[in-house]
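Residue-level structural notes
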Amino acid sequence: MSTFIYIVLVMSIPYFWYIRFSTNPKKGFSILFIGIISVILLIDFNLFALLGFLLLASVLIHSNNSISTFSIFLSFLILITQLFNKLEGNLIINILPITLISGIFALMMIGHWFLVDPTISREGMKNIAKSSIFTATLLCLLLFLGLFSDEISIFYRNIILGLYISSGILSLGSLKSLNEKSYTGVMAATGLSYLSLLVSLGGTGTLILLP
């Protein structure tokens, strides 16, 4: 379970970059998001994790976008390479379902921040919601065709399919809510992202941990 959380947080880093790039939130959001990602140091403290985190945290001390982008992606590269070596290649099959969770988590985070700072753009939130819908749909397709895992029984496969379909529908609800111009639209989108996160956790947890 701790490794699962570790991967979810590492896979959240590209979304963190995209949120900064697309919505340009205030510094407080970066502090909050990086603070949550710092949990990886509590889960597995090692030199690579520390180096990756420090590179990520370095975006708080400079304002140059090019340097920030380089720091974020170098941090992600170090952390994901360490995970790949640690899991001996088993990370690849887990990337897609965990990316769904990370994307919905990022949507939930920026939705909360919009409630603090309603001046930021909604376009970034909309695109993350779209990516979550796409990822959930792709997972459903792979499961339905039996291409994702041949070790899961039909019974459990159908349960996971139902959870991913629910996650996609809830993400679609978030997207539609974000199209509402009122403040309550973002509140609704944030609430739906909570539900989507829960069902995607159920689907991904079952998919990864069951075999």
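Structure shown above.
Residues numbered from 1 in each chain as written. Predicted model: local features only at pLDDT ≥ 70, side-chain atom pairs only at ≥ 80, totals over all residues. Heavy atoms only, no water.

Side note on the overall build of the protein
Definition in use: Secondary structure elements follow DSSP: runs of H or I no shorter than four residues count as helices, runs of E no shorter than two count as strands, and numbering proceeds from the N terminus. Here the globule rule is a power law, 2.2 Å times the number of residues to the power 0.38, and the radius of gyration is based on C-alpha atoms. The rule is simple: take the accessible area with a 1.4 Å probe, protein chains only, and divide by the maximum for that residue type; under 20% is buried, over 50% is exposed, in between is partly exposed.
The helix and strand tally for the protein stands at 10 helices and 0 strands. Walking the protein from its N terminus toward its C terminus, one meets helices and strands in the order α-α-α-α-α-α-α-α-α-α. Here the C-alpha atoms of the protein give a radius of gyration of 17 Å, agreeing with the 17 Å that 2.2 N^0.38 yields for 211 residues. Counting only C-alpha atoms and orienting by the principal axes, one finds that the protein spans roughly 50 × 45 × 25 Å. Across the 211 residues that make up the protein, the buried fraction comes to 48%.

A short note on helix α6 (residues 65-86)
Stated formally: Here the expected length of a helix is defined as 1.5 Å per residue gap, with one fewer gap than residues. The term polar contact refers here to a pair of N or O atoms within 3.5 Å; inside protein, the definition further demands a hydrogen-donor-capable atom paired with an acceptor-capable atom, and it admits residues adjacent in sequence only when both atoms are side-chain atoms.
Here α6 is 22 residues long and its end C-alpha atoms lie 31 Å apart, about the 32 Å a rise of 1.5 Å per residue gives. All of the buried residues along α6 are Ser68, Ser71, Ile72, Ser75, Phe76, Ile78, Leu79, Ile80, Gln82 and Leu83. For α6, the side-chain oxygen to backbone nitrogen distance between the N-cap and Ser66 is 3.0 Å, and the N-cap itself is Asn64.

Let's talk about the nonpolar core
Inclusion rule: Each nonpolar core is a collection of buried residues, namely Ala, Val, Leu, Ile, Met, Phe, Trp, Tyr and Cys, held together in the definition by side-chain atoms within 4.5 Å. Only heavy atoms enter the contact rule, under which two residues are in contact if any of them lie within 4.5 Å.
Within the largest apolar cluster, 58 residues are counted, with the highest numbers of intra-cluster contacts made by Phe16, Phe29, Phe33 and Tyr164. Those residues in contact with Phe33 that sit more than four places away from it in its chain are Ser12, Phe16, Ile19, Phe105, Ala106 and Met109.

Some words on the packing of aromatic side chains
Basically, it comes down to this: Any pair of Phe, Tyr and Trp rings, taking the six-membered ring for Trp, is counted once the centres come within 6.5 Å. Such a pair is stacked with planes under 30 degrees apart, edge-to-face with planes over 60 apart, and tilted for the rest.
A complete count under the given rule lists 7 aromatic pairs for this structure. For the ring pair Phe33 and Phe105, a centre distance of 5.8 Å and an interplane angle of 75° mean the geometry is edge-to-face. Within this pair, whereas Phe33 is found in helix α3 (residues 27-37), its partner Phe105 is found in helix α7 (residues 91-116), the two being separated by 72 residues in sequence. Both residues of the pair, Phe33 and Phe105, count as buried. Here a set of aromatic residues connected by ring pairs shows up, and it is made of Phe16, Phe29, Phe33, Phe105 and Trp113.

Some details on the environment of Met187
Inspection of the secondary structure puts Met187 in helix α10 (residues 183-209). Residue Met187 is classed as partly exposed on the basis of its relative accessible area of 44%. Taking the C-alpha atoms as reference points, Met187 and Phe114, separated by 73 residues in sequence, lie 8.9 Å from one another.

Comments concerning a nonpolar patch on the surface
Operational definition: Only residues whose relative accessible area exceeds 30% and that form no salt bridge are eligible for patches; like-charged ones are grouped when within 9 Å, while nonpolar side chains (Val, Leu, Ile, Met, Phe, Trp, Tyr) are grouped when within 5 Å. To measure how exposed things are, a 1.4 Å probe is used in the Shrake-Rupley method; for residues, cover is taken only from the protein chains shown. Salt bridge, as applied in this entry: a Lys or Arg side-chain nitrogen positioned within 4 Å of an Asp or Glu carboxyl oxygen.
A cluster of nonpolar side chains, contributed by Leu141, Phe144, Leu145 and Leu147, occupies part of the molecular surface with about 450 Å² of accessible area. By secondary structure assignment, the location of Leu145 is in the loop between α8 (123-144) and α9 (154-178).

Examining the packing of helix α2 (residues 13-23) against α6
How we decide: For helices, the fitted line uses only the C-alpha atoms of the stretch in contact; every axis is such a line through C-alpha atoms, and the angle between N-to-C directions lies from 0 to 180 degrees. Our angle categories are set so that under 35 degrees counts as roughly parallel, over 145 as roughly antiparallel, 65 to 115 as roughly perpendicular, and the remainder as oblique.
The N-to-C vectors of α2 and α6 enclose an angle of 170°; their axes lie 9 Å apart at closest approach. The orientation of α2 with respect to α6, classified from their angle, is roughly antiparallel. Residues Ile13, Pro14, Phe16, Trp17 and Arg20 of α2 form the contact with α6, whose participating residues are Ser68, Thr69, Ile72, Phe73, Ser75, Phe76 and Leu79.

Notes on unusual backbone geometry
With a phi close to 50°, Asn24 is a non-glycine residue in the positive phi region. Along the chain, Asn24 falls in the loop between α2 and α3. In this structure Asn24 comes out as exposed when scored by relative accessible area, which is 63%.

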